[in-house]
Amino acid sequence: MTDPKRTTLSIETSAEAVENAILPRVHEVHTDPDKKPACTDDLPNTMQAPVEAKSPAQWAYERLILYIQNFEKQLDADQEVAMGFTGGDAGVIRIEGMGYFDPDILTFYGSTDDGMKTQLVQHVSQLNVMLMALPAEEEQQEPNRIGFRLARDLEDGPDATG
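Reference entry: report on the structure contained in this document. (Residues numbered from 1 in each chain as written. Predicted model: local features only at pLDDT ≥ 70, side-chain atom pairs only at ≥ 80, totals over all residues. Heavy atoms only, no water.)

## Here we look at the nonpolar core
- Tyr61, Ile65, Ile68, Met83, Met98 and Phe108 are the most contacted members of the largest nonpolar core, which totals 21 residues.
- Take this core: its biggest share by element is 7 residues, from helix α2 (residues 56-73). (Core = buried A, V, L, I, M, F, W, Y, C linked by side-chain atoms within 4.5 Å. Buried < 20%, exposed > 50% of the residue type's maximum accessible area, 1.4 Å probe, protein only. Helix = DSSP H or I, 4+ residues; strand = E, 2+ residues; numbered from the N terminus.)

If you want it as structure tokens, here you go:
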């Protein structure tokens, strides 16, 4: 006899179990119970691919994009995202671009507060960044939102940008 209180078990093939074990997961806890974890809504198709199918550079790049985009959603209209780097004198840069070079290099393009153009090239094992809110540049009508452009590029694919 079947117990009506018993829940139905989901049976997976061994291929599904392996794939589900390596798909991206995120877990966060915040003081504000209404704050949603970063990076959980509508992951771009490229983010839903198994982690093992990606280089460390691509995987770090994709996740960082989602964190930047989530951070930008929390900014006021007069703020833009900037990135601080630890372990050196790189300081803080206003993020103007980001990329990766397989298998293990990330690069960040931007400018300092005094307008100096910068490019940081970093190995994924050394990745340690802090996202910060800076005042938007005064001559702009609206703040730049690089995270949304980067996320759109994930959806369109690298060949779409040329």
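## Some remarks on helix α3 (residues 146-156)
- Considered for burial, the residues of α3 that qualify are Ile146, Gly147, Leu150, Ala151, Asp153 and Leu154. For α3, the arc enclosing every buried residue in end-on projection is 155°, short of the 170-degree limit, so these residues lie on one face.
- Buried residues in α3 make contact with α2, β1 (79-85) and β2 (92-101).
- Where α3 ends, the next residue or the one after it, glycine 157, has phi of about 95°, a positive value. (Arc of directions from axis to C-beta. Contact = heavy atoms within 4.5 Å.)

## Quick word on the sheet that holds strand β3 (residues 105-111)
- Pairing within the open sheet is antiparallel, and its 5 strands lie in the order β4-β3-β2-β1-β5. In the strand order of this sheet, the two ends are held by β4 (117-123) and β5 (129-135), each with one partner. With strand direction ignored, the average angle separating the axes of adjacent strands in the sheet is 40°.
- Where β3 lies against β4, 7 bridges are found, and the strand directions are antiparallel. By the bridge assignment, isoleucine 105 is partnered in β4 with histidine 123.
- Relative to the sheet, α2 contacts β1, β2, β3 and β5, its axis offset from that of β2 by approximately 150°. (Pairing = 2+ DSSP bridges. Axes fitted to C-alpha atoms, helices over the stretch in contact; angles between N-to-C directions.)

## Quick notes on the packing of aromatic side chains
- Applying the stated rule across the entire model yields 1 aromatic pair.
- For the ring pair tyrosine 61 and tyrosine 100, a centre distance of 4.9 Å and an interplane angle of 55° mean the geometry is tilted. Within this pair, whereas tyrosine 61 is found in helix α2, its partner tyrosine 100 is found in strand β2, the two being separated by 39 residues in sequence.
- Judged by its relative accessible area of 30%, tyrosine 100 falls in the partly exposed class. (Phe/Tyr/Trp six-rings, centres within 6.5 Å; stacked < 30°, edge-to-face > 60°.)

## Focus on the pattern of salt bridges
- If you walk through the whole model with that rule in mind, you get 3 salt bridges.
- Put simply, glutamate 62 and lysine 54 hold a salt bridge, and the shortest N to O gap is 2.6 Å. Across the pair, exposure class does not vary: glutamate 62 and lysine 54 are buried alike.
- Across the pair glutamate 80 and arginine 94 runs a salt bridge whose closest N-O atoms are separated by 2.9 Å. (Salt bridge = Lys/Arg side-chain N within 4 Å of Asp/Glu carboxyl O.)

## Concerning α2
- Under the 1.5 Å per step criterion, the end-to-end length of α2 is 26 Å for 18 residues, consistent within 8% with the ideal 26 Å.
- Taking burial as the measure, the 18 residues of α2 include 13 buried ones, the bulk of the element. (Expected span 1.5 Å × (residues − 1).)

## Thoughts on the environment of valine 124
- Of note, valine 124 is situated in the loop between β4 and β5.
- Expressed as a C-alpha distance, the spacing of valine 124 and threonine 107, which sit 17 residues apart in the sequence, is 9.8 Å.
- Dropping the residues within four chain positions of it, valine 124 is found in contact with Pro56, Ala57, Ala60, Asp104 and Leu106.

## Comments concerning the pairing of β2
- Across 3 bridges, the pairing between β1 and β2 is antiparallel. Paired with methionine 83 across the two strands is isoleucine 93, which belongs to β2.
- As judged from the 7 bridges shared by β2 and β3, these two strands associate in the antiparallel manner. Each bridged residue has a counterpart across the sheet, and for phenylalanine 101 the counterpart in β3 is isoleucine 105.
- Counting the residues that bridge the hairpin from β2 to β3 gives 3 residues.

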